[in-house]
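Topology and contacts: notes
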Amino acid sequence: MEAITDRCLVHLEYCNNITSCDIGITNGALNIKYAMNGTGKSTVAKAISLASQGKSLSTLKPFSFPPGTPDNTQPSANGVTFRDVMLFDAEYVKQYIFLPTDLVKDAFEVFIRTTDYDVNKARIETDFQSIIRVFADSETMQILFDGLLELKSLILINTDGEFSRRTKGVKGILEQQKCSLVTPPAELTDFRPFFEDTALAVEWAAWKLAGIDKYVGKGICPFCAETETEVKIQQTQLFSESFDKDTIQLSSKLLISLEKLSQFINPTKLTRIKSLLARDGDRAELNVELKKLFAEADYLLNRIGSLRAFNGLSVRRDQIGQLVTLLEGWKFDIQNFDILNTIVLHTEANALNEKIDETIQAVANLQQSIAALHTYLIRQLTNRTRDINDFLQSAGFKYSFDIRIDDDGVAHALLLFKVTEDQSVTVDDPAAHLSWGEKNAFSLLLFMFDAIRKNADLIILDDPISSFDSSKKYAIINRLFMTGNRDNSLYMRTVLLLTHDMEPVIDYIQVGGKLDARYVNGYYLQNVDGLLVEYPLRKNIDILSTPILLIRTAKDSSIPMPARIGCLRKYIEHTVENPSEASMAYNILSSLIHGRENATYDNDGEFVMDQSDFQAGLAEIVAIIPTFDYTAILEQYKAIALITEYRRATNRYIQLLILRAYIQRYEQAKIRLKASNDVLRKFVDETFHIENDYIYSFDFLTFALVPDFINTAATDFVNREAALLRI
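Residues numbered from 1 in each chain as written. Predicted model: local features only at pLDDT ≥ 70, side-chain atom pairs only at ≥ 80, totals over all residues. Heavy atoms only, no water.

With that settled, the discussion passes to the packing of helix α5 (residues 139–154) against helix α10 (residues 245–260). Axis separation between α5 and α10 bottoms out at 9 Å; the angle between their running directions is 165 degrees. Accordingly, the angle class assigned to the pair α5 and α10 is roughly antiparallel. Read as a crossing pair, α5 and α10 show a hand that is left-handed. Contacts between α5 and α10 involve I143, G147, E150, L151 and L154 from the former and L250, K253, L254, S257 and K260 from the latter. In terms of residue class, the contact of α5 with α10 is built from 5 nonpolar, 2 polar and 3 charged. (Axes fitted to C-alpha atoms, helices over the stretch in contact; angles between N-to-C directions. Helix = DSSP H or I, 4+ residues; strand = E, 2+ residues; numbered from the N terminus. Parallel < 35°, antiparallel > 145°, perpendicular 65-115°, else oblique. Left-handed = near helix turned anticlockwise from the far one by under 90°. Contact = heavy atoms within 4.5 Å. Nonpolar A, V, L, I, M, F, W, Y, C, P; charged D, E, K, R; others polar.)

Another point: the nonpolar core. Ranked by internal contacts, the top residues of the largest apolar core, which has 118 residues, are L461, F481, L490, F628, L659 and F698. Beyond its immediate sequence surroundings of up to four residues, F628 is in contact with I565, I588, L589, L592, L618, I621, V622 and I633. Within the second largest apolar cluster, 45 residues are counted, among which are M141, F163, L301 and I339. (Core = buried A, V, L, I, M, F, W, Y, C linked by side-chain atoms within 4.5 Å. Buried < 20%, exposed > 50% of the residue type's maximum accessible area, 1.4 Å probe, protein only.)

Attention now goes to the confidence of the model for the chain. Predicted confidence across the chain gives a mean pLDDT of 83, with 85% of residues reaching 70 or more. Predicted confidence in the chain is weakest over helix α3 (residues 107–112), with a mean pLDDT of 65, and strongest over strand β2 (residues 18–26), with 96. (pLDDT = per-residue confidence, 0-100.)

Here we come to the packing of helix α22 (residues 584–593) against helix α23 (residues 611–624). Interhelical geometry of α22 versus α23 gives an angle of 90 degrees and a closest axis separation of 7 Å. One finds that α22 runs roughly perpendicular with respect to α23. Each of M584, A585, I588 and L589 in α22 lies in contact with α23, whose residues at this interface are D613, F614, G617, L618, E620 and I621. In terms of residue class, the contact of α22 with α23 is built from 7 nonpolar, 1 polar and 2 charged.

Of all the 5 residues making up strand β10 (residues 495–499), 5 are buried; the element is thus mostly covered by neighbouring parts of the structure. With burial as the criterion, each face of β10 is covered, one bearing V495, L497 and T499 and the other bearing L496 and L498. Here 5 bridges tie strand β3 (residues 30–34) to β10, and the two strands are oriented parallel to one another. Bridge pairing links L30 to V495 in β10. As defined by bridge partners, strand β9 (residues 458–462) adjoins β10 across 4 bridges and the pair is classed as parallel. The residue of β10 that forms the bridge with D462 is L498. (Pairing = 2+ DSSP bridges.)

What follows is about the pattern of salt bridges. Tallied over the full model, the rule gives 27 salt bridges. Salt-bridge contacts for R272 lead to E285; the nearest nitrogen and oxygen are separated by 2.7 Å. Here R272 is found in helix α11 (residues 267–277), whereas its partner E285 is found in helix α12 (residues 283–309), with 13 residues between them in sequence. What makes R272 partly exposed here is its relative accessible area of 28%. Salt-bridge contacts for R538 lead to D542; the nearest nitrogen and oxygen are separated by 2.7 Å. Residue classification places R538 among the partly exposed residues on the basis of a relative accessible area of 44%. One continuous salt-bridge network, built from bridges that share partners, spans K269, E289, K292 and D338. (Salt bridge = Lys/Arg side-chain N within 4 Å of Asp/Glu carboxyl O.)

Within the structure shown, the criterion is met by 19 aromatic pairs. Both rings, one in Y524 and one in F698, keep their centres 5.4 Å apart while their planes meet at 75 degrees; by these two values the pair is edge-to-face. On the criterion of sequence distance, the pair formed by Y524 in strand β11 (residues 520–528) and F698 in strand β14 (residues 696–698) is long-range, its members being 174 residues apart. Among the residues examined, Y524 registers a relative accessible area of 1% and is labelled buried. Centroid distance Y653 to F700: 3.9 Å. Interplanar angle 10 degrees. Geometry classified as stacked. Here the residue Y653 occupies a position in helix α26 (residues 652–665), and F700 occupies one in the loop between β14 and α29 (708–724), the gap between them amounting to 47 residues. In this structure, Y653 and F700 share a single accessibility class: buried. Taken together, the ring pairs connect Y34, Y524, Y535, F698 and F703 into an aromatic cluster. (Phe/Tyr/Trp six-rings, centres within 6.5 Å; stacked < 30°, edge-to-face > 60°.)

Glancing now at α23. Its 14 residues give α23 an end-to-end C-alpha distance of 20 Å, which sits within 8% of 20 Å, the value for a rise of 1.5 Å per residue. Considered for burial, the residues of α23 that qualify are F614, G617, L618, I621 and I624. Axial view of α23: buried residues confined to an arc of 105 degrees, hence all on one face. Residues S612, A619 and A623 are exposed on α23 and point more than 90 degrees away from its buried face. Next to the buried residues of α23 lie α19 (546–555), α20 (561–575), α22 and α24 (630–635). (Expected span 1.5 Å × (residues − 1). Arc of directions from axis to C-beta.)

Here the phi dihedral of Y14 falls at roughly 55 degrees; this positive angle occurs in a residue that is not glycine. Relative to the helices and strands, Y14 resides in strand β1 (residues 7–15). Backbone geometry at M492 places phi at a positive 65 degrees, although glycine is not the residue there. Its location among the elements puts M492 in the loop between α17 (470–480) and β10. Overall, M492 belongs to the partly exposed group, its relative accessible area being 31%.

Taken in spatial order, the 3 strands line up as β6-β7-β8 in an open sheet, and their pairing is antiparallel. Either end of the sheet is taken by a strand with one partner, and the two such strands are β6 (399–405) and β8 (424–426). For this sheet, the mean inter-axis angle between neighbouring strands, taken without regard to orientation, is 35 degrees. Across 7 bridges, the pairing between β6 and strand β7 (residues 411–418) is antiparallel. Opposite I405, over in β7, you have A411 as the bridge partner.

Side chains of I640, L724, L725 and I727 sit close together on the surface and give an oily, nonpolar patch of about 350 Å² of accessible area. Following the sequence through the fold, L725 ends up in the segment after α29. A relative accessible area of 33% means that L725 is categorised as partly exposed. (Patch = residues over 30% accessible without salt bridge, like charges linked within 9 Å, V, L, I, M, F, W, Y side chains within 5 Å. Areas by Shrake-Rupley, 256 points an atom, 1.4 Å probe, with all protein chains shown as cover.)

Bringing the sheet that holds β3 into the picture now. The strand order β4-β1-β2-β12-β11-β3-β10-β9-β5 describes an open sheet built from 9 strands, whose pairing is mixed. Single-partner strands in this sheet number two, and they are β4 (76–78) and β5 (85–88). Taken over all neighbouring pairs, the strand axes of this sheet differ in orientation by 20 degrees on average, direction set aside. Two strands pair when backbone bridges link them, and β3 and β11 are joined in this way by 5 bridges, in the parallel orientation. Bridge pairing in β11 links I32 to G522. Contacts from helix α16 (residues 436–454) reach β5 and β9 within the one sheet, and its direction differs from that of β5 by about 175 degrees.

Tracing the backbone shows T420 in the loop between β7 and β8. T420 sits 22 residues away from K398 along the chain, and the two C-alpha atoms are 9.2 Å apart.

On to the pairing of β7, then. For β7 and β8, the ladder comprises 3 bridges, and the chain directions are antiparallel. Paired with K418 across the bridge in β8 is S424.

Next comes the structure, spelled out in structure tokens:
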């Protein structure tokens, strides 16, 4: 495969302490940017994140600008082509991690959902939708459904199955209370043609009663516009008394509803029910016929409604196993229907029954797909849980992880404390129980899975491992960039790792082998007066083992002698066990640093070294520093000489080595430094002497490893010392 060349350049201006910088990001690779605190790492992270979202960078505006900067200058970020950027910071942890009831928000999305899951789920949804479409209503069934709903709405039915007498007109229809339209009073013979027309009698009677109710009493007949005579007045009064308005209106509505359903009702039954509604016959018979009609309507409405409601929302995935039984129960069995019994209805019902049979076969296929998806979910749950628990164990955490699915199908990520190997208790509120380092470790791991799930264009990690001890640093970084599986780590993804920890640089740049060299690069960020520049970190050139760097510096004749002496002494500390006892060269150098006239064996300078030991030690030193002369170099450790060398040196690290020689030589100077700036004293006396436990170091002759504030404080102290010495 060819080396990755797809590298974008992000240009920032006037963002906090950064006046200008260009940050290169190689796509599909781990981009390590090493920088000391205060360089602007977090500013770079925030600027890129904000720019990717199209948000203002106003929160990054500096408190002051360099002289000559135009008015209204605003922070800017150009070249940010990433649109889906995920930034691991405190805000992310606050929103998504260590929630009151869950370890992480959207546990299913973070830990379980993958591309394979989405593909399988999409196929199931397609199958499911094809089943749903089977039951798209035909026009005929829509007419039936609407007509039956209308019919059912006309009369309420009690829980005992009887028609409710509270429905207006029901009592008049079902009980023989007033005259029948078939046998009206003799005084109304003038209206016989209307009474004898069974198709129109009820509708006409309803119309007439409505007119009488609203318009009679004006002195003019509302139906013929003639002057009301005594006969007409008597007829109108008799009509109102003979026929109940509510009964006639309900009968009329029933007849209209029946007419709409006529293609589904047995013609003989339809004629008989119409006749009964005109009060031609026994009321008990009408009651029986209407009950049968409504019962058959209920049956059809129930089945048609169930089929119409059959969709992805009405049937849960956990009900698929019961779906065959459900569908069988929705089949139409209308062979014994008495009223709703026509060829049209049987044809439609048989067609739907055939579709149900087809659907049952499709459901069998669907069940296989769902079973496969269920197996996948179980495997994914097992793998994710084992993966995270392996990490927790390797990093030395006394916790375990579990994902549980509740009764509603919602996934919950849980943290458990291991009381013993066989007993664990659930940590109900992880945020309250975990240390800062533990929170950070869990957060990083959960963030990794979230970034994988979202397939972020750029993943930014801002000083992610600073709170860990060495073993945990390696465990988390190793897990984040585990090779061989891009779907389960950040390997071969575009990652910007901003750090002041050397471990990632050592592991992935210097030692190497953990990641393919094509997928990792390292740069050293250096901020000088607001200009942030990145320098490539090259294996065995810019990163060296500390002993090699020390001995190389000790041999360099261009470097001031006190700095060379300090490096050689440190080299012996790195390479000789118990150097004060085993190395005469070490004791000679220590005596020289402390300004003793003669080399001694002890720190207090009481036991003078004999000549044979001195010559043996001198031979070792001369092999490294050929011009070494104890007496001559002792002069270079005088106060004025050291301060002069400090001022002459241009490399900050060399300056600190000379300053350390000064405070080691002059105890009172060390006391004054501690009193005025103990932070600087610690930095000079310990950071570069005792506490550097890395086996590798950056080349301090190439990179500015001393922060600005330390360099400024050191120079101020030296100037004060020079004033005391009157130089």
